[in-house]
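Examination of the molecular architecture
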Amino acid sequence: YGLKGGEGYYQNTWIMFNQISYGATDYLTLGAGVVPLFLFAGSSTPFWITPKVAIPLVKDKINLSAGMILGYMLGEDFGFGIGYGAITVGNRDSNLTLGAGWAYADSRWAESPTLTLSGMTRVGKKTYLLTENYYIGTGDSSFGIISAGGRSVQKKLAIDYGLVLPIGADIGTFIAIPWLGMAVPFGKTR
């Protein structure tokens, strides 16, 4: 699902990851983000924009979306991103999403698609369970990312928390990495 027209939010994860998203219309969400590494001795800084179109096929039951992450490393002359499509089954409180996309980095497209299977379900008045899972092919090998967590929602703030586990032949031994983020809504609310 995309944002409704006039809705927006600022998202921050682990202090460094910053993104702002805004519903330009009920079907078009625009976003931009940055990891401000330039604050640390002039390090190269990733910056990205995220246009996304979301169209309901069956209202509150089946939703299609397509979008891109268009990124650039400031200070490196290096572009990256992904074009993707997804289908979501369910409503805004309980849903499952299957998606696929083709990534690129430094003008080279991936040899295989990135796949995602994600879901969320409301388990209380202000609490959700979440999962985001990815399969990423990197040419000769591949790896995955599995996550499980929750979201606590208040009127002016949402907190995301969970664990992320990278898996795959080339990852080696890894333990789950904690995830902590927040989103602050602005604009029109539903």
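Residues numbered from 1 in each chain as written. Predicted model: local features only at pLDDT ≥ 70, side-chain atom pairs only at ≥ 80, totals over all residues. Heavy atoms only, no water.

Here we come to the overall build of the protein chain. Broken down by element type, the protein chain carries zero helices and 14 strands. From first element to last, N terminus to C terminus, the protein chain shows the α and β order β-β-β-β-β-β-β-β-β-β-β-β-β-β. Its C-alpha atoms give the protein chain a radius of gyration of 17 Å, near enough to 16 Å, the size a compact globule of 190 residues would have. Each of the three principal axes of the protein chain carries a C-alpha extent, and together these read 40 × 35 × 30 Å. Residues counted as buried form 31% of the 190 residues belonging to the protein chain. Sequence-distant contacts in the protein chain: of pairs separated by 6 or more residues, those separated by 24 or more amount to 32%. Of the accessible surface of the protein chain, which amounts to about 11500 Å², a share of 67% is contributed by carbon and sulfur atoms. Considering the protein chain, the positive charge centre built from 14 side chains and the negative charge centre built from 12 side chains are found 20 Å apart. (Helix = DSSP H or I, 4+ residues; strand = E, 2+ residues; numbered from the N terminus. Rg over C-alpha atoms; globule rule 2.2 N^0.38 Å. Buried < 20%, exposed > 50% of the residue type's maximum accessible area, 1.4 Å probe, protein only. Contact = heavy atoms within 4.5 Å. Areas by Shrake-Rupley, 256 points an atom, 1.4 Å probe, with all protein chains shown as cover. Lys, Arg positive; Asp, Glu negative; His and termini not counted. Charge placed at Lys NZ, Arg CZ, Asp CG, Glu CD.)

With respect to the helices and strands, Asn-12 occurs in strand S1 (residues 7-13). Reaching out from Asn-12, the side chain makes a polar contact with the side chain of Tyr-10 at a distance of 3.2 Å. Other than its neighbours up to four places away in sequence, Asn-12 contacts Phe-17, Asn-18, Gly-181 and Met-182. (Polar contact = N/O pair within 3.5 Å; in protein donor to acceptor, adjacent residues only side chain to side chain.)

In this section: the pairing of strand S12 (residues 142-153). Where strand S11 (residues 127-137) meets S12, nine bridges bridge the pair, whose relative direction is antiparallel. Bridge assignment links Thr-127 to a residue of S12, and that residue is Ser-152. Relative to strand S13 (residues 158-168), S12 runs antiparallel, the two sharing 11 bridges. Along S13, the bridge assignment pairs Gly-150 with Tyr-161. The turn linking S12 back onto S13 is made up of four residues. (Pairing = 2+ DSSP bridges.)

Further remarks concern unusual backbone geometry. The backbone phi angle of Trp-14 is positive, close to 45 degrees, even though this residue is not glycine. Mapping Trp-14 onto the fold places it in the loop between S1 and strand S2 (17-23). Note on Trp-14: relative accessible area 46%, which makes it partly exposed.

This part covers the packing of aromatic side chains. Going through the model one piece at a time under the given rule, you end up with three aromatic pairs. Ring centres 6.4 Å apart and planes at 5 degrees place the aromatic pair Tyr-22 and Phe-186 in the stacked group. Highlighted residues: Tyr-22 in strand S2 and Phe-186 in strand S14 (residues 177-187), separated in sequence by 164 residues. According to the relative accessible area criterion, Tyr-22 is partly exposed, its value standing at 39%. (Phe/Tyr/Trp six-rings, centres within 6.5 Å; stacked < 30°, edge-to-face > 60°.)

Moving on to the side chain of Thr-97. Within the secondary structure layout, Thr-97 lies in strand S8 (residues 94-105). Among the residues examined, Thr-97 registers a relative accessible area of 16% and is labelled buried. In this structure the side chain of Thr-97 is engaged in a polar contact, spanning 2.8 Å, whose partner is the side chain of Thr-88. If we ignore the near neighbours within four places in the chain, the residues touching Thr-97 are Ala-86, Ile-87, Thr-88, Thr-116, Leu-117 and Ser-118.

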